[in-house]
Amino acid sequence: DTAVSQTPKYLVTQMGNDKSIKCEQNLGHDTMYWYKQDSKKFLKIMFSYNNKELIINETVPNRFSPKSPDKAHLNLHINSLELGDSAVYFCASSQGVGTGNEQFFGPGTRLTVL
Amino acid sequence: AQSVTQLDSQVPVFEEAPVELRCNYSSSVSVYLFWYVQYPNQGLQLLLKYLSGSTLVKGINGFEAEFNKSQTSFHLRKPSVHISDTAEYFCALFNDYKLSFGAGTTVTVRA
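What comes next concerns the included structure. Quantities reported herein were computed from a predicted structural model and do not represent experimental measurements.

**Looking at the nonpolar core**
So, point 1. Within the largest apolar cluster, 28 residues are counted, with the highest numbers of intra-cluster contacts made by B:Leu21, B:Trp35, B:Leu47, B:Leu48, B:Phe74, B:Leu76 and B:Tyr89.
So, point 2. If one sorts the elements of this core by residue count, strand β10 (residues 87–95) of chain B sits on top with 4 residues.
So, point 3. If you look at the next biggest cluster of nonpolar residues, it comprises 20 residues, including A:Val4, A:Ala87, A:Tyr89 and A:Leu111.

**Let's talk about the interface of chain B and chain A**
So, point 1. Across the contact, 21 residues belong to chain B and 22 residues belong to chain A.
So, point 2. Here chain B meets chain A over a buried area of about 1,800 Å², counting both sides, of which 59% is carbon and sulfur.
So, point 3. Its largest share of buried area at the contact with chain A, chain B owes to B:Tyr97, B:Lys98 and B:Phe101, together 28% of the area lost on that side.
So, point 4. Summed over the shared surface of chain B and chain A, the number is 2 salt bridges.
So, point 5. Between A:Lys41 and B:Glu88 there is a salt bridge, with its nearest N and O atoms 3.7 Å apart.
So, point 6. The interface formed by chain B and chain A contains 3 residue pairs in polar contact (both at pLDDT 80 or more).
So, point 7. Going through the elements one at a time, β5 (33–38), β6 (44–50), β10 and β11 (98–101) of chain B are the ones with two or more residues in the side of chain B that touches chain A.
So, point 8. In terms of residue class, the side of chain B that touches chain A is made up of 12 nonpolar, 5 polar and 4 charged.

**Considerations on the state of the cysteines**
So, point 1. If you walk through the whole model with that rule in mind, you get 2 disulfides over all chains.
So, point 2. Between A:Cys23 and A:Cys91 runs a disulfide, and the two sulfur atoms are separated by 1.9 Å. In this structure the cystine formed by A:Cys23 and A:Cys91 twists about its S-S bond by roughly -75°; its chirality is therefore left-handed. With A:Cys23 in strand β3 (residues 19–25) and A:Cys91 in strand β9 (residues 87–94), this residue pair connects regions lying 68 residues apart in the sequence. As far as burial versus exposure is concerned, A:Cys23 and A:Cys91 are alike and both buried.
So, point 3. Disulfide partner of B:Cys23: B:Cys91, at an S-S distance of 2.0 Å. Linking B:Cys23 and B:Cys91, the disulfide has an S-S dihedral of approximately -70° and is accordingly described as left-handed. Placement of B:Cys23 in strand β4 (residues 23–26) and of B:Cys91 in strand β10 is noted, with a sequence separation of 68 residues between them.
So, point 4. Judged by its relative accessible area of 0%, B:Cys23 is buried.

**A closer look at the sheet that holds strand β1 (residues 4–7) of chain A**
Strand pairing within a sheet occurs via backbone hydrogen bonds; the two strands may be parallel or antiparallel.
All names here are of chain A.
So, point 1. Strand order in the open sheet made by the 4 strands is β1-β3-β8-β7, with antiparallel pairing throughout. Because the sheet does not close on itself, it has two edges, and the strands there are β1 and β7 (64–70). The mean angle between the axes of side-by-side strands here comes to 20°, regardless of whether they run parallel or antiparallel.
So, point 2. Sheet analysis places β7 next to strand β8 (residues 73–78), joined by 5 bridges and oriented antiparallel.

**Topic: the pattern of salt bridges**
So, point 1. Enumeration according to the criterion identifies 10 salt bridges over all chains in this entry.
So, point 2. Here B:Arg77 and B:Glu20 are joined by a salt bridge, their closest N and O atoms 2.8 Å apart. Placement of B:Arg77 in strand β9 (residues 73–78) and of B:Glu20 in strand β3 (residues 19–21) is noted, with a sequence separation of 57 residues between them.
So, point 3. On the basis of relative accessible area, B:Glu20 is assigned to the partly exposed category, the value being 34%.
So, point 4. When salt bridges with common partners are traced through the structure, they connect A:Lys44, A:Glu58 and B:Lys98 into a single cluster.

Rules and cut-offs
- Residues numbered from 1 in each chain as written.
- Chains lettered and ligands numbered in written order.
- Predicted model: local features only at pLDDT ≥ 70, side-chain atom pairs only at ≥ 80, totals over all residues.
- Heavy atoms only, no water.
- Core = buried A, V, L, I, M, F, W, Y, C linked by side-chain atoms within 4.5 Å.
- Buried < 20%, exposed > 50% of the residue type's maximum accessible area, 1.4 Å probe, protein only.
- Helix = DSSP H or I, 4+ residues; strand = E, 2+ residues; numbered from the N terminus.
- Contact = heavy atoms within 4.5 Å.
- Buried area = accessible area lost by both parts, 1.4 Å probe.
- Salt bridge = Lys/Arg side-chain N within 4 Å of Asp/Glu carboxyl O.
- Polar contact = N/O pair within 3.5 Å; in protein donor to acceptor, adjacent residues only side chain to side chain.
- Nonpolar A, V, L, I, M, F, W, Y, C, P; charged D, E, K, R; others polar.
- Disulfide = S-S within 2.5 Å.
- Pairing = 2+ DSSP bridges.
- Axes fitted to C-alpha atoms, helices over the stretch in contact; angles between N-to-C directions.

As structure tokens, this is what we get:
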């Protein structure tokens, strides 16, 4: 049983294209996140939604737009892809935004922009 | 501003030897600290966390960490590693609804 799933696992595309990554969690959590892991494996939060409301929006280019149709889904749409967007994108979820709440991570989506 | 520094980028270790991964933090408020592990081509998995109480925290797979407020550290240890412990390890600090991660430590276990 997959707890946090992401599609696709790999995404190869040309500069300038628009692409989406989908995330779904079946844990019943109310908070979801998007992280970006760069080529040096540095992880940084991008967005977080709690009960479908945006609560964290880091300094991310506005080409990136998250959408949460319901508490179990958080999608990431990227417009006008650039070479620097190449990275692994991780979705995560937790129950609430409290300090001790474990975040469960998906397997990641490796995005390669050519 | 809160931040986390992992002092070792790579740690090679022989099987059945002990390992320690160092993590220092900077925070002006109460700290909540985590260690996550990332196995090759996988997402992150929680090893352990410190929220309050006992400074020695035990986690999964035989790992433990000690919170030291005076030294602002949260080092991770395992007394005897296995080949399967080869992975990337991340220390993280929770503040303002989000986790801030260190740069990671690559642990390579050799037979």
